[in-house]
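# A look at the structure
Letter by letter, the chains look like this.
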2 protein chains.
Amino acid sequence: MSAGTIYGVGLGPGDPELMSVRADRLVRDARHVAFFRKAGRSGQARAIVAGMLRPDAAEIAMEYPVTTEIRFSDPRYNAILSQFYEGCVARLRDLADAGHDVVVLCEGDPFFYGSFMHLHSRLTDLRVETVPAITGMSGAWTATDSPVTWGDDVLTVLMGTLPEDELARRMAGSDALVVMKLGRNLDRVRRALERVGRLGAAWLVEYATMPKERVIRLAEAGETVAPYFAIVVVHGQGRRP
Amino acid sequence: MSAGTIYGVGLGPGDPELMSVRADRLVRDARHVAFFRKAGRSGQARAIVAGMLRPDAAEIAMEYPVTTEIRFSDPRYNAILSQFYEGCVARLRDLADAGHDVVVLCEGDPFFYGSFMHLHSRLTDLRVETVPAITGMSGAWTATDSPVTWGDDVLTVLMGTLPEDELARRMAGSDALVVMKLGRNLDRVRRALERVGRLGAAWLVEYATMPKERVIRLAEAGETVAPYFAIVVVHGQGRRP
């Protein structure tokens, strides 16, 4: 018996119709389906594939031991997360060793700021296939109904977790902008955009491609904490014949 | 009779299995299919959907009047391209006015450096729907079998058409890099990466997700002109528990 394959399957921005044909088939055929979730929650990746799994699919919920309770600058953070990923990998390895394929559900694109990468880097001795997907940011700029980049525009992708000065400096120097990992960083992102005169051009996109989709000018968005599925987009203004 | 809808349908990086479920359905059901191509060529977008169209689908080939024969800095370039896009739009508008839906095939993601944007911006009075897709860059970094961004990594997307000094400056200042529009700019991109000490970490990915896929260290790639489907990737090295 040969060992099974671990598939890191990108699910895209949220609308199940935006999964790739390959991802759709892998998910529907899977006998073993693993996914990350916050403890006590149903999990966003699992929610995207609701109604798609085989009735006999075995589900492996991998529950984060921490999310935002410990700051990532805390030395305990890396140790706890590392131990968690090792445990996940052990479960996947046992299944693969027993000859089973496992589909790991990944929101967005697995190799673009995704948790699957922490499994992938630990599974170098197994057969692992990664299926790319539509990124959350593609879902977001499509929701604004306006192209994000034209001609020679430079696009910079920033995490809202960066310091305000760095955010402002990079925001000033780029044509088009995407800011992710907003959450409780939303106010800092807003201040940084305002400092460099770009707040008026910024859009806040929540739940892109999902039923709760909301597109609003960031300057007019009242909230100070963004939902998990939220992305800021500033469109480039490059060459256009 | 109501007017038809123009669908800008992203096809993704090249592998037809990486089209979204929605794109797959729209393409297979379409009665009118439009696509850009270079005059005298079959067209890359059309090639991706080979074997997928209805036998009775009407095809609308939109042939670029110029590609690289005139530099985009030449004032004639914008005038010629603008006239071309106006002509394309007139054809699509006639079909929509006659009640037909039209699927416009788009390589990659339509709103990310795509030609469809030039139709979209001219079709504001019609019903237009844009279907996002897996970007060529997602296909490229997935082909390297290594995540492109971790933790707080900053990703910068650059066009190879930019001046060498600007390329070098931006390459030095970003964690992860993607460089597109390589073509005859490949040598300049290589020199810029070398100037900032990042050539050794750069990968050249050609025809990602397609049968001719090739992944090679840019420093070891002999060619000075890259094929149309080529992307340079430098992976970020951010936080990873």
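Residues numbered from 1 in each chain as written. Chains lettered and ligands numbered in written order. Predicted model: local features only at pLDDT ≥ 70, side-chain atom pairs only at ≥ 80, totals over all residues.

## Considering the overall build of chain A
Tallying secondary structure elements over chain A gives seven helices and ten strands in all. Relative to a compact globule of 241 residues, whose C-alpha radius of gyration would be 18 Å, chain A shows 19 Å and is just as compact. Its C-alpha atoms give chain A principal-axis dimensions of roughly 60 × 45 × 30 Å. Burial statistics for chain A: of 241 residues in total, 48% are counted as buried. Once local pairs closer than 6 in sequence are excluded, the contacts in chain A between residues at least 24 apart make up 70%. (Helix = DSSP H or I, 4+ residues; strand = E, 2+ residues; numbered from the N terminus. Rg over C-alpha atoms; globule rule 2.2 N^0.38 Å. Buried ≥ 20, exposed ≤ 12 C-beta atoms within 10 Å, placed from the backbone. Contact = placed C-beta atoms within 7 Å.)

## Quick look at the interface of chain B and chain A
If you look at the interface, chain B gives 46 residues, while chain A gives 46 residues. Taken together, the elements giving at least two residues each to the side of chain B that touches chain A come down to helix H1 (21–29), helix H3 (75–97), helix H4 (116–120), helix H5 (136–143) and strand S6 (155–159) of chain B. Residue classes in the side of chain B that touches chain A are distributed as 24 nonpolar, 14 polar and eight charged. Relative to S6 of chain B, strand S6 (residues 155–159) of chain A is paired through three bridges, and the arrangement is antiparallel. Bridge pairing in S6 of chain B links Val-157 of chain A to Leu-155 of chain B. (Nonpolar A, V, L, I, M, F, W, Y, C, P; charged D, E, K, R; others polar. Pairing = 2+ DSSP bridges.)

## Examining the sheet that holds S6 of chain B
Strand order in the open sheet made by the ten strands is S9(A)-S8(A)-S10(A)-S7(A)-S6(A)-S6(B)-S7(B)-S10(B)-S8(B)-S9(B), with mixed pairing throughout. What marks the edges here is a single partner per strand, and that holds for strand S9 (214–217) of chain A together with strand S9 (214–217) of chain B. Here the average twist between neighbouring strands, direction ignored, is 20°. Sheet topology places strand S7 (residues 176–180) of chain B next to strand S10 (residues 230–234) of chain B; three bridges connect them, and they run antiparallel. By the bridge assignment for S10 of chain B, Leu-177 of chain B is matched with Val-234 of chain B. (Axes fitted to C-alpha atoms, helices over the stretch in contact; angles between N-to-C directions.)

## Some points on the sheet that holds strand S4 (residues 102–106) of chain B
Residue and element names in this part refer to chain B. Strands sit in the order S3-S2-S4-S1-S5 across an open sheet of five strands; the sheet is parallel. Taken across any chain shown, the strands that pair with only one partner, and hence form the sheet edges, are strand S3 (58–64) and strand S5 (127–131). Within this sheet the neighbouring strands show an average axis-to-axis angle of 25°, counted without direction. Sheet topology note: the strand S1 (residues 5–10)/S4 ladder contains five bridges and is parallel. Note on S4: the bridge partner recorded for Tyr-7 is Val-103. Contacting S1, S4 and S5, H1 runs over the sheet at an angle of about 130° to S1.

## Focus: the pairing of S4 of chain B
Regular strands place side chains that alternate from one sheet face to the opposite one. Burial within S4 of chain B is extensive, with five of its five residues counted as buried. Alternating residues of S4 of chain B divide into Val-102, Val-104 and Cys-106 of chain B and Val-103 and Leu-105 of chain B, and every residue in both groups is buried.

## A short note on the environment of Arg-76 of chain B
Residues and elements named next belong to chain B. Of note, Arg-76 is situated in helix H3. Looking at Arg-76, the number of C-beta atoms within 10 Å reads 10, which means it is exposed. Considered as a pair, Arg-76 and Leu-92 are 16 residues apart in the sequence and their alpha carbons are 25 Å apart.

## Concerning helix H1 (residues 21–29) of chain A
Buried within H1 of chain A are the following residues: Arg-22, Ala-23, Asp-24 and Val-27 of chain A. For H1 of chain A, the secondary structure elements touched by its buried residues are strand S1 (5–10), strand S4 (102–106) and strand S5 (127–131) of chain A together with H1 of chain B.

## Observations regarding the relation of the copies chain B and chain A
When chain B is fitted to chain A, the best match, at an RMSD of 0.0 Å, comes from turning it 180° and sliding it 0.0 Å along the axis. Considering both components of the superposition, the chain copies are consistent with a two-fold axis. A shared interface surface links the copies, since 100% of the contact residues of chain B are contact residues in chain A too. (Least-squares fit on C-alpha atoms with pLDDT ≥ 70 in both.)

## Focus on the environment of His-235 of chain A
All names here are of chain A. Within the secondary structure, His-235 is located in the segment after strand S10 (230–234). Expressed as a C-alpha distance, the spacing of His-235 and Asp-74, which sit 161 residues apart in the sequence, is 35 Å. With near-sequence residues (within four places) excluded, His-235 lies in contact with Ser-146, Pro-147, Val-148 and Ala-176.

## A word on the domain arrangement of chain A
Residues and elements named next belong to chain A. The domain architecture assigned to chain A consists of domain 1 (5–134) and domain 2 (137–234). The gap between the C-alpha centroids of domain 1 and domain 2 is 26 Å. Listed as interface residues are seven residues of domain 1 and, on the opposing side, nine residues of domain 2. Taken together, the residues of the side of domain 1 that touches domain 2 break down into four nonpolar, two polar and one charged. (Domains from an automatic or database assignment.)

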